[in-house]
Amino acid sequence: MDNFTFCAPTYFAFGKGQEAETGRLVKRFGGTRVLLHYGGGSIKSNGVYDAVTAALRDEGIEYMELGGVKPNPRSGLIREGIELCRREKLDFILAVGGGSVIDSAKAIAMGVHYDGDFWELIKDRKIPENILPVGVVLTIPASGSEGSSNCVITSEEDGKKWGSGKADSLRPKFAVMNPCFTFSLPPYQTACGITDMMAHILERYFTNTPDVEVTDRICEALLKTLIEEAPKVLKDPEDYGARANIMWCGMLAHNNIAGVGRVQDWASHQIEHELSARFDVAHGAGLAVILPAWMEYALEHSSPQRFVQFAVRVCGLEQDFAHPERTARLGIACFRNFAASIGMPTTLGELGIQDSDIPAMIDNRRDRGFPFGGFVEIDEKAMEEILRLAL
Ligand code: NZQ
Ligand code: ZN
């Protein structure tokens with residue numbers, strides 16, 4: 001196990017009715033004038049908006065609204081948010097939504113006291129000293145941004161979808177997590193979220209760092225939980241217990257408790273970001289396609305041992321000691337079948353992406369640099385091969 005530091009100071013208020021605490025939590029973390037940031041309107045039709053604004057009013061907290069965050073959040077609205085915070089002297093950002101809203105809020109928070117354009121911060125992975133505090137009311141478990149230390153933003157000007165630098169100061173101050181708020185999620189969004197969580201765990205699980213048994217076991221527990229709970233929520237979207245387990249899994253999958261002390265991979269995320277930048281696909285759906293293709297490529301270019309461990313401990317398959325590659329391949333098939341069983345695409349074609357689109361995606365990646373990937377190194381040729389495997 002490698003040396004590490006771990007500081008994840010987000011305060012979580014989890015469970016039914018916890019949204020009533022929102023106003024008190026904003027105050028506790030220093031907010032007096034709030035930017036209420038949200039997406040395309042789901043919070044208005046499912047009652048979340050009314051509950052949260054009531055909680056703010058109960059504490060006499062003033063707020064101004066900026067809705068309209070799109071999935072794969074865009075730079076234009078972030079600039080609008082920065083201007084609004086500066087003009088109205090807002091001192092706290094409350095993100096009510098999912099990863100896109102939270103990430104947009106984090107980017108605004110970084111930009112308000114920064115002299116230049118916020119995109120310079122993302123581009124150069126710089127974290128300014130003075131960041132506005134961000135609080136979250138989570139409505140879709142998926143990105144883990146409610147506990148994570150970065151954000152991912154799409155620049156409308158040049159079609160890049162890039163992650164910011166990482167810093168504990170970018171972790172939200174608090175996150176209100178009421179599983180009932182996720183009852184209204186359509187099955188596709190539910191499945192995208194579950195796939196994203198699994199990807200966050202697998203990007204950490206595939207490592208060459210030895211002696212990481214404790215984090216391996218955390219990863220395996222989270223993966224098994226998701227595999228068991230997913231069909232329950234797809235059958236009954238109001239299954240509170242299953243929604244609750246999935247919601248907490250999403251946070252644990254990505255606040256890095258499952259990834260400390262090891263070199264992590266993240267190649268599938270890097271490749272997926274080129275899909276969502278160019279074709280605006282849902283992040284989880286893109287991962288459902290890329291991750292198994294990456295696994296196939298990685299198996300060819302590494303020892304099968306990690307894949308066998310995944311197949312046996314997570315998928316419950318029997319180990320073929322004479323032919324470890326066979327067990328490894330069955331594990332990959334198990335992941336792909338699971339993704340398909342919850343309604344995810346498994347080929348680029350299903351996302352409307354063709355052979356002829358591959359060069360442009362590789363080209364767009366060049367500015368962020370090659371190679372990448374901590375388990376198996378991915379250069380341009382490898383990225384092309386993975387995209388072809390995904391066709
Ligand atoms: O916009 P509204 O109307 O709210 O609808 C949203 C959106 O269309 C809808 N939705 C959310 N909660 C709902 C709901 N619909 C009904 N009922 C509810 N309770 O779901 C759609 C997707 O929302 P979005 O926020 O885009 O989803 P997600 O949480 O998956 O976030 C995806 C973004 O997070 C980034 C992704 O790249 C992507 O841009 N990520 C951020 C990470 C981080 N900061 O740590 C890590 C991740 O790997 C990921 O890259
Ligand atoms: Zn992700």
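Residues numbered from 1 in each chain as written. Chains lettered and ligands numbered in written order. Predicted model: local features only at pLDDT ≥ 70, side-chain atom pairs only at ≥ 80, totals over all residues. Heavy atoms only, no water.

So what exactly am I meant to see when it comes to the site of ligand 1 here?
Around ligand 1 there are 33 residues in total, and G40, G99, S100, S148 and H200 lie nearest to it. S184 places a polar side-chain atom, nitrogen or oxygen, 2.8 Å from a nitrogen atom of ligand 1. Bound to the protein, ligand 1 loses 89% of the 960 Å² it would expose on its own. Among the secondary structure elements, those contributing two or more residues to the shell around ligand 1 are helix 5 (99–111), helix 7 (187–205) and helix 10 (267–279). For the shell around ligand 1, the residue count by class is 9 nonpolar, 21 polar and 3 charged. (Near = heavy atom within 4 Å. Polar contact = N/O pair within 3.5 Å; in protein donor to acceptor, adjacent residues only side chain to side chain. Areas by Shrake-Rupley, 256 points an atom, 1.4 Å probe, with all protein chains shown as cover. Helix = DSSP H or I, 4+ residues; strand = E, 2+ residues; numbered from the N terminus. Nonpolar A, V, L, I, M, F, W, Y, C, P; charged D, E, K, R; others polar.)

Would you mind going over the packing of aromatic side chains with me for this structure?
Two aromatic rings are characterised by how far apart their centres lie and by the angle between their planes. Enumeration according to the criterion identifies 18 aromatic pairs in this entry. Taking the centre distance of 5.7 Å and the plane angle of 75° together, the rings of F14 and W248 count as edge-to-face. Highlighted residues: F14 in strand 1 (residues 11–14) and W248 in helix 9 (residues 240–252), separated in sequence by 234 residues. Using a relative accessible area of 30% as the deciding quantity, one classes F14 as partly exposed. According to the relative accessible area criterion, W248 is partly exposed, its value standing at 31%. Ring pairing ties together the aromatic residues Y205, F206, W294, F307, F310 and F375, which thus form one cluster. For R306, the ring lying beneath its charged end belongs to Y205, and the centroid distance is 5.2 Å. Note that R365 overlies the ring of F370, its terminal NZ or CZ placed 6.0 Å from the centroid. (Phe/Tyr/Trp six-rings, centres within 6.5 Å; stacked < 30°, edge-to-face > 60°. Buried < 20%, exposed > 50% of the residue type's maximum accessible area, 1.4 Å probe, protein only. Lys NZ or Arg CZ within 6 Å of the ring centre and 35° of its normal.)

I keep staring at the sheet that holds strand 8 (residues 174–177) and nothing clicks. Help me out?
Sheet strands line up and pair through hydrogen bonds in the backbone, either parallel or antiparallel. The strand order across the open sheet formed by 6 strands is 1-8-5-4-2-3, and the pairing between neighbours is parallel. Sheet topology places strand 1 and strand 3 (62–66) at the edges, where each strand pairs with a single neighbour. Neighbouring strand axes in the sheet, compared pairwise and without regard to direction, differ in orientation by 20° on average. Both strand 1 and strand 8 contribute to a ladder of 4 bridges, which runs parallel. Among the inter-strand pairings, F14 is bridged to a residue of strand 8, identified as M177. Along the sheet, helix 4 (residues 75–88) makes contact with strand 2 (33–38), strand 3 and strand 4 (92–97), crossing strand 3 at roughly 155°. (Pairing = 2+ DSSP bridges. Axes fitted to C-alpha atoms, helices over the stretch in contact; angles between N-to-C directions. Contact = heavy atoms within 4.5 Å.)

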